[in-house]
Amino acid sequence: MNTPRTAIVALLACVALGACASPGADPASPGPTGAAPVTSTPSPDPSVSPTDPTAPTKGGPSSGATTTLTGTLQAGVEPGCLLLDGNLLVGGPRDVLKAGARVAVTGHSQPNLMTTCQQGTPFVVETAKPA
């Protein structure tokens, strides 16, 4: 006898939830708590120029320009991540790029590059040599 009662309660819960999400409801109208729902509008990416979608517009003068950095490499918080003066080194010869090594790397800053490292501005290494 308990099984039909459970089925009825489950059916009523489904109907109640379905009524909350009715397709004709105004999404900006206040919800059952009286508060308007939170909505977000995607903002344009400030790093993309409206005239040329591939041209970066932020990140300073070194963004995209070939730059040479010299200094001592530090290990990042994640395994395999190397930092040089606040820049996360992406790519490059790993036989030269090791934590504690003094190096000169040439490459370009790419601030919008997604990485698994949780620190530093991504810097794509084109060449690296001991300094």
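Below you will find a few notes about this structure.

Definitions and limits used
- Residues numbered from 1 in each chain as written.
- Predicted model: local features only at pLDDT ≥ 70, side-chain atom pairs only at ≥ 80, totals over all residues.
- Heavy atoms only, no water.
- Helix = DSSP H or I, 4+ residues; strand = E, 2+ residues; numbered from the N terminus.
- Buried < 20%, exposed > 50% of the residue type's maximum accessible area, 1.4 Å probe, protein only.
- Areas by Shrake-Rupley, 256 points an atom, 1.4 Å probe, with all protein chains shown as cover.
- Core = buried A, V, L, I, M, F, W, Y, C linked by side-chain atoms within 4.5 Å.
- Contact = heavy atoms within 4.5 Å.
- Pairing = 2+ DSSP bridges.

## Looking at the overall build of the protein
- Each helix and strand counted, the protein has one helix and six strands in total.
- Helices and strands appear in the protein in the N-to-C order α-β-β-β-β-β-β.
- Out of the 131 residues in the protein, the part that is buried amounts to 21%.
- Accessible surface, the protein as shown: approximately 9100 Å² in total, 62% of it carbon and sulfur.

## Re the nonpolar core
- The biggest cluster of nonpolar side chains holds twelve residues, and these are Leu69, Leu73, Leu82, Leu84, Leu89, Val96, Leu97, Val103, Val105, Phe123, Val125 and Ala128.
- Within the residue set of this core, elements represented by two or more residues are β3 (82-84), β5 (102-109) and β6 (121-130).
- Of all the elements, β6 adds the most residues to this core, at three residues.
- Sequence-distant contacts of Val105, that is, excluding residues within four places in its chain, are made with Thr67, Thr68, Leu69, Leu84, Leu89, Leu97, Phe123, Val125, Thr127 and Ala128.

## So, the pairing of β6
- Judged from the four bridges that link them, strand β4 (residues 87-90) and β6 form a sheet pairing that is parallel. By the bridge assignment for β6, Leu88 is matched with Pro122.
- Bridge count for β5 against β6 is seven bridges, and the pairing is antiparallel. Counted as the bridge partner of Gly107 is Val125 from β6.

## Description of unusual backbone geometry
- Phi is positive for Asp85, close to 50°, though the residue is something other than glycine.
- Here Asp85 lies in the loop between β3 and β4.
- For Asp85, a relative accessible area of 60% puts it in the exposed group.

## Some thoughts on the sheet that holds β5
- In space, the six strands of this open sheet follow the order β1-β5-β6-β4-β3-β2, with mixed pairing throughout. Each edge of the sheet is formed by a strand with only one pairing partner; in this case those strands are β1 (66-72) and β2 (74-75).

## Let's talk about the environment of Cys117
- By the secondary structure assignment, Cys117 is in the loop between β5 and β6.
- Residue Cys117 is classed as buried on the basis of its relative accessible area of 17%.
- Cys117 sits 39 residues away from Glu78 along the chain, and the two C-alpha atoms are 5.7 Å apart.
- Once residues within four sequence positions are removed from consideration, Cys117 is found in contact with Glu78, Cys81 and Leu88.

## Considerations on the environment of Pro130
- Among the secondary structure elements, Pro130 is positioned in strand β6.
- A residue is classified by how much of its surface remains accessible, and Pro130, at 61% relative accessible area, is exposed.
- As for Pro130 and Val103, which are separated by 27 residues in sequence, their C-alpha atoms are 4.3 Å apart.
- Setting aside residues up to four positions removed in sequence, Pro130 forms contacts with Val96, Arg102 and Val103.

Limitation: the analysis is restricted to geometry and does not speak to function.
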